[in-house]
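Understanding the architecture of this molecule
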Amino acid sequence: MEKETLLLPAFDPVEDGETIALAGRILREGGIAAIPTETVYGLAGNALDPEATKKIYAAKGRPSDNPLIVHIAELAEWSPLVAELPEEALVLAKRYWPGPLTIILPKSPLVPDSTSGGLPTVAVRMPENPVALAVIRAAGVPLAAPSANRSGSPSPTTWQHCADDLMGRVEAILQSADCQVGVESTVLSLCQRDMDGKILPRLLRPGAVTLEQLRETLGEVLVDRGVLEQLEAGEKALSPGMKYKHYAPAAEVILLEGGTLPYRAWLREHAQPGDWAICFEEDLPLEAVPARSYGRKADHAAQAQKLFLLLRELDRLEAKRIFVHSPQRDGVGLAVYNRLARAAAFRVVELSGAGE
Ligand code: TXA
Ligand code: MG
């Protein structure tokens, strides 16, 4: 399926208006294109056109039962996509949109099965990135966009990552700034109700809009088991994306949980040639292995922003194993931990011994 892929500069929504208009036309006419968002780059196509969504699955090499997030630029585009818009959804949108929050609701007949992965529900988000908003407006249709990586590899946070994965497989790649957030949006389902008809919000994927923020806005929020644990064989994933080994680099990733001193000691004892570390700033220098820092221990935003970039870099350097100093699980740290636990296929070593 070699295609000619256009590289379109789109750093500024006004100055690059012409290339953004061209991207909009490509998308409206059924093509697919990698576009920037504040979380990760997305592989966009017309969400209402089953042929376009088929192209997305094919370019990613992704199973077609995995539903896609629909991206909108105006609140008014939401109600035609869903069966109803409950108060809770509007409160969330008012507070967190545009931004890294995806809201799942029962879908309307307008949304094709190929977009919802055959589910009766649809995931919608309004991104904050001004270029993303400009592309959606230029296309004039809501855009389905999963992360713009080949299935199984880490999500792309730079346009070069998209080019590495998708040259020759898509009509266009927008060349734009690196992603600010670095991990995918928070996914929240509002599809479940209790016996009194009250919505029971459920977190399916943690992201930069944190569980703490969602609880402050909505009260009780359930956390899906798949967020922190591996699902048992045969267990049904509420969010089908959680079924697959995800976010995985080629190297074997192992999470080490504990303070700096036990982390260093463990590496001294176990590291072999070909091993690398992704550690906190405070852990440096590490004598036992070559290392990259992903930020200070308390700086979850920095860790989120660097994580996928570093996993890709260490793949290029042919790391065999990567020992990652595990992040704390509060705030955005929960999202960082969730992505790492998946990349590590849930191999987590709890370090014994005291010492920060
Ligand atoms: O930040 C993001 O959300 C990025 C950017 C491009 O917007 N997109 C993204 O899409 O991460 P993707 O396809 O890589 O992840 C979508 C996740 C998957 O885990 C999928 O299973 C889940 O959302 N999802 C989508 N629609 C759903 C639905 N109707 N019910 C349950 N889970 C759904
Ligand atoms: Mg993805």
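In this text, all values refer to a predicted model and were calculated from it rather than measured experimentally. (Residues numbered from 1 in each chain as written. Chains lettered and ligands numbered in written order. Predicted model: local features only at pLDDT ≥ 70, side-chain atom pairs only at ≥ 80, totals over all residues. Heavy atoms only, no water.)

Turning our attention to the domain arrangement of the chain. The domain architecture assigned to the chain consists of domain 1 (6-78 + 107-175) and domain 2 (252-350). Each of domain 1 and domain 2 has a C-alpha centre, and the two are 30 Å apart. Contacts between the two partners involve 9 residues from domain 1 and, on the opposite side, 4 residues from domain 2. Counting the surface lost from both domain 1 and domain 2, the interface buries some 610 Å², and carbon and sulfur atoms represent 59% of this. When the area that domain 1 buries against domain 2 is broken down by residue, the three leading residues are Pro154, Thr157 and His161, summing to 69%. At the junction of domain 1 and domain 2, the tally comes to 1 salt bridge. (Domains from an automatic or database assignment. Contact = heavy atoms within 4.5 Å. Buried area = accessible area lost by both parts, 1.4 Å probe. Salt bridge = Lys/Arg side-chain N within 4 Å of Asp/Glu carboxyl O.)

All chains considered together, the criterion is met by 3 aromatic pairs. Both rings, one in Trp266 and one in Phe323, keep their centres 5.1 Å apart while their planes meet at 65 degrees; by these two values the pair is edge-to-face. Within this pair, whereas Trp266 is found in helix H8 (residues 260-270), its partner Phe323 is found in strand E15 (residues 321-325), the two being separated by 57 residues in sequence. With a centroid separation of 5.7 Å and an interplanar angle of 5 degrees, the aromatic rings of Phe280 and Tyr294 are classed as stacked. Placement of the pair is Phe280 in the loop between strand E13 (275-279) and strand E14 (291-293) and Tyr294 in the loop between E14 and helix H9 (300-316), with a sequence separation of 14 residues. As far as the burial class goes, Phe280 and Tyr294 line up, both buried. The positively charged end of Arg329 is found above the aromatic ring belonging to Tyr337, 4.0 Å away from the centroid. (Phe/Tyr/Trp six-rings, centres within 6.5 Å; stacked < 30°, edge-to-face > 60°. Helix = DSSP H or I, 4+ residues; strand = E, 2+ residues; numbered from the N terminus. Buried < 20%, exposed > 50% of the residue type's maximum accessible area, 1.4 Å probe, protein only. Lys NZ or Arg CZ within 6 Å of the ring centre and 35° of its normal.)

Here E13 lies mainly inside the structure; 5 of its 5 residues are buried. Side chains Asp275, Ala277 and Cys279 project from E13 onto one buried face, and the interleaved Trp276 and Ile278 project onto a second face that is buried too. Pairing between E13 and E14: 3 bridges, direction parallel. Opposite Ile278, over in E14, you have Arg292 as the bridge partner. (Pairing = 2+ DSSP bridges.)

Right, let's talk about the pattern of salt bridges for a bit. Two side chains bearing opposite charge may form a pair once their charged atoms approach each other closely. Tallied over the entire structure, the rule returns 14 salt bridges. The partner of Glu38 in a salt bridge is Arg125, and the shortest N-O contact between them spans 2.8 Å. With a gap of 87 residues between them, Glu38 in the loop between strand E2 (33-35) and strand E3 (42-46) and Arg125 in strand E6 (residues 121-125) connect regions that are remote in the sequence. The partner of Arg339 in a salt bridge is Glu184, and the shortest N-O contact between them spans 2.7 Å. Separated by 155 residues along the polypeptide, Arg339 in helix H10 (residues 333-343) and Glu184 in the loop between strand E8 (172-175) and strand E9 (186-189) bring together distant segments of the chain. Glu184 matches Arg339 in its accessibility class, with the two residues each being buried.

Among the secondary structure elements, Ala343 is positioned in helix H10. As for Ala343 and Arg28, which are separated by 315 residues in sequence, their C-alpha atoms are 35 Å apart.

For the rest of this paragraph, the subject is the pairing of E3. Taken across its 5 residues, E3 has 5 buried, putting it largely inside the fold. Across 3 bridges, E2 lies against E3 in antiparallel orientation. The residue of E3 that forms the bridge with Ile35 is Gly42. Linking E2 back to E3 in an antiparallel pair, the connection comprises 6 residues. Pairing of E3 with strand E7 (residues 143-144), which is carried by 2 bridges, proceeds in the antiparallel orientation. Bridged to Asn46 within E7 is Leu143.

Overall, parallel pairing links the 5 strands, which are arranged E14-E13-E15-E12-E16 in an open sheet. Of all the strands in the sheet, the pair left with one neighbour each is E14 and strand E16 (348-350). Averaged over neighbouring strand pairs, the angle between their axes works out to 20 degrees when direction is ignored. Summarising the sheet, strand E12 (residues 252-257) and E16 pair through 3 bridges and their orientation is parallel. (Axes fitted to C-alpha atoms, helices over the stretch in contact; angles between N-to-C directions.)

Enumeration over the complete set of coordinates arrives at 0 disulfides. Unpaired in this structure, Cys179 has its nearest cysteine sulfur neighbour in Cys162, at a distance of 7.6 Å. (Disulfide = S-S within 2.5 Å.)

All right, on to unusual backbone geometry then. Cis geometry marks the peptide bond from Trp97 to Pro98, where omega comes out at -10 degrees. Put simply, Leu284 and Pro285 share a cis peptide bond, and its omega is -5 degrees. Its place among the elements puts Pro285 in the loop between E13 and E14. With a phi close to 45 degrees, Ala345 is a non-glycine residue in the positive phi region.

Glancing now at the environment of Val135. Secondary-structure assignment places Val135 in helix H5 (residues 130-139). On the basis of relative accessibility, which here comes to 0%, the residue Val135 falls in the buried class. Taking C-alpha positions, Val135 is 12 Å from Leu8, a pair spaced 127 residues apart along the chain. Excluding residues within four positions of it along the chain, Val135 makes contact with Ile20, Gly24, Leu27, Ile35, Leu143 and Leu174.

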